[in-house]
Each structure stands twice: as C-alpha cells, then as structure tokens.
Amino acid sequence: MLDADFFRRWMTVAAASVDREAERLTALDSAIGDADHGSNLQRGFTAVRATLEKESPETPGQVLTLAGRQLISTVGGASGPLYGTLLRRAGKALGDAAEVDEAQLAEALRAGVDGVMALGGAAPGDKTMIDALAPAVDALPDGFAAARAAAEEGAVATTPLQARKGRASYLGERSIGHQDPGATSSALLIAALQEAASG
Ligand code: ADP
Ligand code: MG
Ligand code: MG
C-alpha cells in the first residue's frame with residue numbers, strides 16, 4: 001500500500017530530478033519554445049517541496065492536491081496549470097484514504113491525464129507531455145518500471161513529430177527533429193515514481 005509518505009517522497013524525488021535536469025529541459029525548450037521549461041519547473045517544484053514540509057499533509061490525496069495547487073500558482077508557463085491539473089485531479093480521485101494501492105494510483109493518474117487533455121486540448125501524437133504521460137498511465141498496471149520505460153520511450157518518440165499544441169506549434173514543420181521538453185519532464189516525473197517506490 002502507498003501512504004502519504006510515499007507520495008511526499010515522489011514529489012521530493014521529482015523536485016531533485018528537476019533540479020538536476022533543469023538545464024537540459026531549458027535547452028530543449030530553447031530549440032522549440034522560449035527557453036524557460038527548466039526554470040519554470042524548478043521554481044514550481046521548489047515551492048512544492050517547501051509547502052509539503054511546512055504543511056505536512058496527511059493523506060495521499062492531500063499531498064497531490066497541495067502539490068498541484070503550488071504548481072499552478074508558481075509556474076508561470078503552460079506547463080504549470082497542466083501539471084497542476086494532473087496532480088490535483090489525481091489527488092481528488094484518491095479521496096481521503098490514508099493508503100491506496102497501485103490500481104487506485106493508476107486510476108487516479110488516468111483521471112489526471114484526462115484532465116490535462118481536457119484543459120490543453122492535446123491528444124497523443126501532438127508532441128506534448130501527453131506523449132509521455134498517456135503511455136505511462138497505460139503501462140502502470142504492469143508496474144512502476146514499465147510505466148517509467150513507457151514514459152521515456154514516449155518522450156523520445158516526440159522527436160520526429162510536428163507540434164500541434166503549445167508554443168512549439170508556432171514553428172510548424174521546424175518543430176520536427178527536437179524532443180519535446182514537457183514530454184521529457186513528464187518522463188522524469190514518472191521515473192521519480194519508480195525511485196520513490198524503490199527507495
Ligand atoms: P511555456 O510554453 O508557456 O513557456 P513551458 O515551457 O513550461 O511553458 O512548457 C512547455 C511544455 O508544455 C511543452 O513542451 C509541452 O509538452 C507542454 N504543453 C504546452 N501546451 C500544451 C497543451 N496544450 N497540452 C499539453 N501539453 C502542453
Ligand atoms: Mg517554455
Ligand atoms: Mg514560457
């Protein structure tokens with residue numbers, strides 16, 4: 001079973017990996033965006049880490065809801081409301097249970113991804129974070145390692161695609177040949193889930 005500590009660990013590991021990869025995320029965003037994805041997420045996850053320490057939420061649902069709210073209020077880019085929606089929707093789906101199992105987590109993240117697609121209007125293949133998140137959620141019933149592999153594969157597979165949503169879509173065909181920054185950070189988020197489970 002997964003308790004609030006597990007979800008706190010997930011967010012802490014995600015924050016550390018965003019810190020570690022911030023330059024790479026920004027470099028990807030400089031090729032097809034406005035060169036701020038790494039700093040956007042660094043600011044957001046630093047705020048998430050601080051809030052989780054200060055407010056010590058007691059259930060998995062509270063951890064994700066609080067984290068999502070922080071991302072929405074501190075990330076000044078498209079990715080903030082989108083990641084915020086992912087976590088808030090997932091948190092809401094977990095309700096006020098003290099512990100949840102992997103199947104409930106998979107269902108909650110599915111609700112979160114549906115929320116991101118509804119908010120941003122992106123479908124798989126549009127070269128966005130959805131291209132990592134959707135396959136990860138599909139693979140989650142097979143375990144965290146499978147979800148991580150699917151997310152990483154999905155992120156890499158955005159390279160030959162033409163962007164149809166977000167800033168990169170303004171580039172038209174010139175967006176082809178670059179890995180999507182948001183799909184890349186989504187793969188980090190899913191990898192953090194596996195790291196939180198094994199640590
Ligand atoms: P901004 O584009 O406002 O500077 P970021 O650089 O932080 O925001 O995030 C860009 C990432 O957000 C993109 O690489 C893409 O993965 C994701 N993104 C942008 N628009 C959408 C959308 N409508 N739906 C899903 N993801 C999106
Ligand atoms: Mg950007
Ligand atoms: Mg921006």
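Residues numbered from 1 in each chain as written. Chains lettered and ligands numbered in written order. Predicted model: local features only at pLDDT ≥ 70, side-chain atom pairs only at ≥ 80, totals over all residues.

Per an unreviewed UniProt entry, the protein chain carries the name Dihydroxyacetone kinase subunit DhaL and comes from Streptomyces collinus.

Participant: Could you give me a rundown of the overall build of the protein chain, with the residues and numbers involved?
Facilitator: Counting its regular elements, the protein chain contains eight helices and two strands. The order of α-helices and β-strands along the protein chain, N terminus first, is β-α-α-α-α-β-α-α-α-α. For the protein chain, the C-alpha radius of gyration of 15 Å lies close to 16 Å, the compact-globule estimate for 199 residues. With respect to the principal axes defined by its C-alpha atoms, the protein chain has extents near 50 × 35 × 30 Å. Burial status across the protein chain gives 54% buried among its 199 residues. Contacts in the protein chain between residues at least 24 apart in sequence constitute 63% of all its contacts with a sequence separation of at least 6. (Helix = DSSP H or I, 4+ residues; strand = E, 2+ residues; numbered from the N terminus. Rg over C-alpha atoms; globule rule 2.2 N^0.38 Å. Buried ≥ 20, exposed ≤ 12 C-beta atoms within 10 Å, placed from the backbone. Contact = placed C-beta atoms within 7 Å.)

Participant: Residues and numbers for the packing of helix H1 (residues 4-32) against helix H2 (residues 37-55), please.
Facilitator: Direction vectors running N to C along H1 and H2 enclose 165°, while the axes themselves pass 7 Å from each other. Relative to H2, H1 is oriented roughly antiparallel. As for the relative orientation of H1 and H2, their crossing is left-handed in sense. (Axes fitted to C-alpha atoms, helices over the stretch in contact; angles between N-to-C directions. Parallel < 35°, antiparallel > 145°, perpendicular 65-115°, else oblique. Left-handed = near helix turned anticlockwise from the far one by under 90°.)

Participant: I'd like a rundown of the UniProt feature "domain: DhaL" (unreviewed entry) in the protein chain, residues and numbers included.
Facilitator: Per the UniProt annotation, the sites labelled "domain: DhaL" (unreviewed entry) are residues 5-195. End C-alpha to end C-alpha, residues 5-195 measures 13 Å, and it is 71% helix and 1% strand. (UniProt positions renumbered as here; feature names shortened; annotations may be inferred.)

Participant: Please set out the site of ligand 1 residue by residue, giving values where relevant.
Facilitator: The immediate surroundings of ligand 1 are formed by 23 residues, with Gly77, Gly120, Thr128, Gly166 and Gly182 found nearest. Elements represented by at least two residues in the shell around ligand 1 include exactly H2, helix H4 (79-94) and helix H8 (181-198). Ranked by residues supplied to the shell around ligand 1, first place goes to H8 with three residues. Here the shell around ligand 1 is composed, by residue class, of seven nonpolar, ten polar and six charged. (Near = placed C-beta within 6 Å. Nonpolar A, V, L, I, M, F, W, Y, C, P; charged D, E, K, R; others polar.)

Participant: Let's hear about the environment of Ala134: which residues, and what values?
Facilitator: Within the secondary structure layout, Ala134 lies in helix H6 (residues 130-139). In the structure, Ala134 is positioned 96 residues away from Gly38 in sequence and 22 Å away in space, judged by C-alpha atoms. When neighbours within four sequence positions are excluded, Ala134 is seen to be in contact with Val113 and Pro124.

Participant: Just give me the short version of the packing of H6 against H8, but keep the residues and values in it.
Facilitator: As a packed pair, H6 and H8 sit with axes 7 Å apart at the nearest point and diverge in direction by 30°. Facing H6, whose interface residues are Asp131, Ala132, Leu133 and Ala136, H8 presents Ala183, Ser186, Ala187 and Ile190. Along the lines of polarity and charge, the residues of the contact of H6 with H8 split into six nonpolar, one polar and one charged.

Participant: Before we move on, can you summarise the environment of Pro141 with the specific residues and values?
Facilitator: Relative to the elements of secondary structure, Pro141 occurs in the loop between H6 and helix H7 (144-156). A residue is classified by how many C-beta atoms lie within 10 Å of it, and Pro141, with 12 of them, is exposed.

Participant: An account of unusual backbone geometry is requested, with residue identities and associated values reported.
Facilitator: Not every positive phi belongs to a glycine, and Ala35 is a case in point at roughly 60°. In this structure, Ala35 sits in the loop between H1 and H2. Looking at Ala35, the number of C-beta atoms within 10 Å reads 15, which means it is partly exposed. Backbone geometry places Ser56, a non-glycine residue, at a positive phi of 30°. Counting through the fold element by element, Ser56 comes out in the loop between H2 and helix H3 (60-74).

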